Amino acid sequence: MKITEKLERAEREGRPFWSFEYFPPRTAQGLQNLYDRIERMRGLGPEFIDITWGAGGKNADLTSSLVQVCQETIGIECCMHLTCTEMPKEKVEWALKQAKAHGCQNILALRGDPPAGASKWTPAEGGFHHAVDLVKYIHQNYPGDFCVAVAGFPQGHPETPETAEGRHQEMLWLKAKVDAGADFVFTQMFYDVDIFFDWVRRVRAYGITVPIIPGIMPIQNWGKFQTWVQRESIVVPPHFYDQLRPVQGDDEKVRAVGTKLVGEMCRQILANEEAGIKGLHIYTLNLEKGARMLLEELGWEGRREQVMPLPWRPSLTPSRRTETIRPIFWANRVQSYLSRTSDWDEFPNGRWGDSRSPAYGDLDGYPVSIGINPTEAYSLWGHPTTFADIAALFARFCRGELEKLPWSSQPPASETSVITRQLAKMNERGYLTINSQPAVDGAPSDDKVHGWGPPGGYIYQKAYLEFFVSPELLNPLIRRIERDPRITYYAVSATGDLRTNTHSEGPNAVTWGAFPGKEIVQPTIVEAVSFVAWKDEAFELGRQWANLYPEGSASRALIDDWMRTSHLVNIVANDFKDGQGIFDPFLLDEPVDNAPAAALGGVVNGVKSSVAQAVDGVKNLVVNGH
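Residues numbered from 1 in each chain as written. Predicted model: local features only at pLDDT ≥ 70, side-chain atom pairs only at ≥ 80, totals over all residues. Heavy atoms only, no water.

### Concerning the sheet that holds strand β8 (residues 215–216)
Overall, parallel pairing links the nine strands, which are arranged β7-β6-β5-β4-β3-β2-β1-β9-β8 in an open sheet. With one partner strand each, in any of the chains shown, β7 (212–213) and β8 form the two edges of the open sheet. Sheet topology places strand β6 (residues 184–187) next to β7; two bridges connect them, and they run parallel. Paired with V185 across the two strands is I212, which belongs to β7. (Pairing = 2+ DSSP bridges. Helix = DSSP H or I, 4+ residues; strand = E, 2+ residues; numbered from the N terminus.)

Listed below in structure tokens is the structure:
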């Protein structure tokens with residue numbers, strides 16, 4: 001979505017907005033850490049983020065990668081910087097094509113600083129001389145594709161003389177950029193609100209009416225504060241120094257005092273009706289705490305709709321923006337699902353639900369990876385030698401005592417806290433869970449645990465469980481499940497033998513929402529074809545876990561045997577008003593004798609259906625009856 005559309009919506013709804021700026025780190029590990037930080041800070045509710053661009057595109061690949069991951073996987077709207085510095089036209093064209101391919105619809109067009117070691121800015125051969133040239137090029141060659149922002153300088157551009165004539169010329173340059181098609185203005189950082197308000201008045205006096213978003217730099221510590229003030233020649237009001245100097249040797253106190261000072265500055269900016277400022281752009285310096293503290297100081301919280309528009313994270317690439325439904329099985333393996341479906345040309349509401357589609361259930365040969373090395377695996381999971389050891393790992397994960405499992409790269413979702421006790425007991429008894437959700441009956445859409453989507457709506461969920469289980473435990477479990485007509489299941493072995501009591505070939509919606517003025521939204525489903533596709537990945541992850549241990553070791557043999565003999569099962573309790581009924585077949589409150597110790601080995605006796613039949617349309621599945 002274009003930033004101007006987001007700003008218009010915020011104004012219609014009478015609420016402030018905020019955004020964050022990040023820069024590409026210099027190392028691969030730094031980049032991965034930044035992805036994790038952006039993921040966390042997404043929960044603070046920024047309307048969009050902004051990614052900087054190094055002089056000459058020296059970080060071009062990193063910037064492009066950041067934009068791609070943020071749009072596709074993290075699901076947050078990006079604005080990509082693009083400069084003229086050492087950028088021939090071919091490189092600019094490459095950058096714009098990459099941005100468009102990743103779904104980025106917003107560009108900040110800048111001339112840029114002189115390259116390192118140069119005292120004067122000079123244009124690249126065959127490149128652009130000024131930001132206005134870049135604005136024109138974008139609109140001429142990509143009409144309608146991008147919302148274009150430009151920079152504004154409340155204290156004046158460093159290369160502009162501090163004279164009346166210099167200030168007049170700077171306004172003419174800004175107006176030329178807007179007349180060429182700039183949609184809004186980001187400002188350079190500042191700390192003096194009087195200078196900012198005077199600049200806004202002059203901007204408006206020159207007939208420039210586009211939105212202005214002030215750039216705000218939180219005060220992280222004394223050293224960084226001094227560095228940026230000196231580097232950018234920022235005017236700092238005396239009362240800032242009066243309060244900061246006495247605590248300059250204590251970073252925590254500097255941050256606390258600085259947050260109060262910057263917070264009060266922001267309140268003055270937003271309260272000034274003449275300036276008409278509706279939101280803030282926060283220069284994070286890739287740091288989380290300062291931005292978080294500033295938002296808390298202002299009393300701003302991310303809207304639930306912004307943080308969770310759907311129960312899963314939407315991807316903002318061009319082909320996926322209309323995607324509204326996903327199978328539940330990849331809830332803990334989002335990147336895998338995105339990669340396996342990356343070649344799909346569209347994501348209509350019925351992609352998984354319409355068996356008449358020629359691409360129904362089609363998944364490419366995406367290589368599955370556990371994404372962990374042996375050393376890290378041993379540190380996390382040790383060297384299990386009995387099935388009870390494996391079951392204990394799963395139980396610990398459910399209780400939040402273990403960071404990850406091969407099937408879950410993140411800790412359990414907060415919503416599972418209401419069923420943590422039951423999940424832990426299931427695992428202790430030999431039903432090793434890899435995915436679950438509790439029943440939800442009309443939770444408000446702004447609920448901080450179960451909510452998603454627009455305000456004023458209500459959320460519903462059917463309870464869902466997915467787990468590995470041995471044949472010895474599976475057969476009696478199925479007999480108990482089939483006593484309750486409200487529960488449906490699929491059970492599949494590593495070789496593809498599939499059992500079910502489901503009569504329908506269509507999908508089973510397990511999450512849905514009712515919102516004012518909208519049709520019922522059903523974003524998460526369970527159905528056979530995608531389950532069989534997921535089965536291959538689930539068992540492969542287990543085999544890769546085994547292969548992290550040396551050949552011939554007890555741990556490797558144990559996990560291999562467990563994967564070879566187990567079934568992967570999912571069950572849905574279709575009565576969403578009964579939150580506990582899904583656990584009844586597991587007899588969790590009855591005594592049991594060493595279930596995990598005896599849970600390996602055996603062959604399932606029962607009616608079988610091949611993977612090929614399932615993928616052909618689920619028409620040949622045989623319903624089990626005992």
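### Focus on the pattern of salt bridges
Following the criterion strictly, the structure yields 36 salt bridges and no others. With a shortest N-O distance of 3.0 Å, E323 and R320 are connected by a salt bridge. Of the two residues, E323 and R320, both sit in the buried class. Here K404 and E376 are joined by a salt bridge, their closest N and O atoms 3.6 Å apart. In this pair, K404 is assigned in the loop between α15 (387–398) and α16 (420–428) and E376 in helix α14 (residues 374–381), connecting sequence segments 28 residues apart. (Salt bridge = Lys/Arg side-chain N within 4 Å of Asp/Glu carboxyl O. Buried < 20%, exposed > 50% of the residue type's maximum accessible area, 1.4 Å probe, protein only.)

### A closer look at the packing of aromatic side chains
Applying the stated rule across the entire model yields 38 aromatic pairs. Here the aromatic rings of W222 and F225 are separated by 5.9 Å at their centres, their planes lie at 50 degrees, and the arrangement is tilted. Note that W222 and F225 are positioned in helix α8 (residues 222–231) at a spacing of three residues, about one turn of the helix. Classification of F225 as buried rests on a relative accessible area of 3%. Three or more aromatic residues joined by ring pairs make a cluster, and in this case those are W381, F387, F394, W407, F468, F539, W545 and W562. (Phe/Tyr/Trp six-rings, centres within 6.5 Å; stacked < 30°, edge-to-face > 60°.)

### Some details on the nonpolar core
Counting 88 residues, the largest nonpolar core has F20 and Y191 as its most contacted members. Contacts of Y191, omitting those with residues within four sequence positions, involve M217, P218, I219, F225, V229, I234, V235, V236, P237, F240, V262 and M265. Core analysis: the second largest hydrophobic core is formed by 46 residues, F394, L405, Y490 and A533 among them. (Core = buried A, V, L, I, M, F, W, Y, C linked by side-chain atoms within 4.5 Å. Contact = heavy atoms within 4.5 Å.)

### Focus on unusual backbone geometry
The backbone of S233 sits at a positive phi, close to 55 degrees, despite the residue not being glycine. Along the chain, S233 turns up in the loop between α8 and α9 (238–244). For L587, which is not a glycine, the phi torsion comes out positive at approximately 50 degrees. Counting through the fold element by element, L587 comes out in the loop between β19 (567–573) and α20 (611–615). Residue class for L587 comes out partly exposed when judged on its relative accessible area of 30%.

### Observations concerning the sheet that holds β19
Within the open sheet, the five strands sit side by side as β11-β14-β19-β15-β16. Their pairing is antiparallel. A single partner strand is all that each edge strand has here, and the edge strands are β11 (432–437) and β16 (498–500). Put simply, the sheet's adjacent strands are angled 10 degrees from each other on average, direction ignored. Looking at chain direction, strand β15 (residues 487–493) and β19 are connected through seven bridges and run antiparallel. When the bridges of β19 are listed, T488 appears paired with V572. Relative to β11, α16 is tilted by about 155 degrees, and along the sheet it contacts β11 and β14 (463–469). (Axes fitted to C-alpha atoms, helices over the stretch in contact; angles between N-to-C directions.)

### What about the packing of helix α18 (residues 528–547) against helix α19 (residues 554–565)?
Contact geometry for α18 and α19: axes closest at 8 Å, N-to-C directions at 165 degrees. On the basis of their axis angle, the class for α18 and α19 is roughly antiparallel. Considering only the axes of α18 and α19, their crossing is left-handed. Contact with α18, carried on its side by A538, F539, G542, R543, W545, A546 and N547, involves R556, I559, D560, W562 and M563 of α19 and no other residues of that element. Residues of the contact of α18 with α19, tallied by class, amount to seven nonpolar, two polar and three charged. (Parallel < 35°, antiparallel > 145°, perpendicular 65-115°, else oblique. Left-handed = near helix turned anticlockwise from the far one by under 90°. Nonpolar A, V, L, I, M, F, W, Y, C, P; charged D, E, K, R; others polar.)

### Things to note about helix α1 (residues 3–12)
Three or more residues of α1 are buried, namely I3, T4, K6, L7 and A10. Looking straight down α1, one finds its buried side chains confined to an arc of 160 degrees; they lie on one side. G14 sits one or two positions beyond α1 and adopts a positive phi of about 65 degrees. (Arc of directions from axis to C-beta.)

### Things to note about the environment of R304
Considering the arrangement of structural elements, one finds R304 in helix α12 (residues 304–307). Take R304: its relative accessible area is 19%, and that puts it in the buried class. Remark: the alpha-carbon pair of R304 and V449, spanning 145 residues in sequence, is separated by 9.8 Å. Sequence-distant contacts of R304, defined by excluding residues within four places in its chain, comprise P309, S445, D446, D447, K448, V449, G451, W452 and G453. A distance of 3.3 Å separates a polar side-chain atom of R304 from the backbone oxygen of K448. (Polar contact = N/O pair within 3.5 Å; in protein donor to acceptor, adjacent residues only side chain to side chain.)

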